[in-house]
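Descriptive analysis of the structure
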Amino acid sequence: AKIYVTDASGTDQVVDASNGDSLMNALLEAGVDGMLADCGGGCACATCHCYIEGDGMSLVGEVNAIENVMLDSAASERRENSRLSCQIDISDALDGLTVTVAENG
Ligand code: FES
């Protein structure tokens, strides 16, 4: 799936993400600036915080219970379109998803 990313310094790039990978891992492997992912995908750090743009929130599923708690402690402001990218699995349905990486998570 092609993911359209605005990194933490405001630069746009397109990331080719593999099905079954997490959004976090795809952005990390692509070297996207600001994707820290300190806990390695364990939903325990909130440094993979992203904002899902456009109508993407309807595609990425629901915030899970642990993620919901962690988002409250994210370094950047929590918004209605906040998600922890390690909790989003890439599939064909997400092709064209647009996300902004939150600065410092
Ligand atoms: Fe730590 Fe997502 S990588 S919560």
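Note that the structure is predicted; figures quoted are calculated from it, not measured.

What follows deals with unusual backbone geometry. We note that Ala37 has phi near 55 degrees; this positive angle belongs to a residue other than glycine. Positive phi, normally seen in glycine, also occurs at Ala46, with a value near 70 degrees. For Ala46, a count of 25 C-beta atoms within 10 Å gives the class buried.

Take the pairing of strand β1 (residues 2-6) next. Residues Ile3 and Val5 of β1 are buried on one face, while the alternating residues Lys2, Tyr4 and Thr6, pointing to the opposite face, are not. Sheet topology places β1 next to strand β2 (residues 12-16); five bridges connect them, and they run antiparallel. Across the sheet, Ile3 pairs through a bridge with Val15, a residue of β2. Remark: five residues form the turn of the hairpin made by β1 and β2, two consecutive strands paired antiparallel; Gly10 in that turn has positive phi of roughly 90 degrees.

Calculation rules
Residues numbered from 1 in each chain as written. Predicted model: local features only at pLDDT ≥ 70, side-chain atom pairs only at ≥ 80, totals over all residues. Buried ≥ 20, exposed ≤ 12 C-beta atoms within 10 Å, placed from the backbone. Helix = DSSP H or I, 4+ residues; strand = E, 2+ residues; numbered from the N terminus. Pairing = 2+ DSSP bridges.

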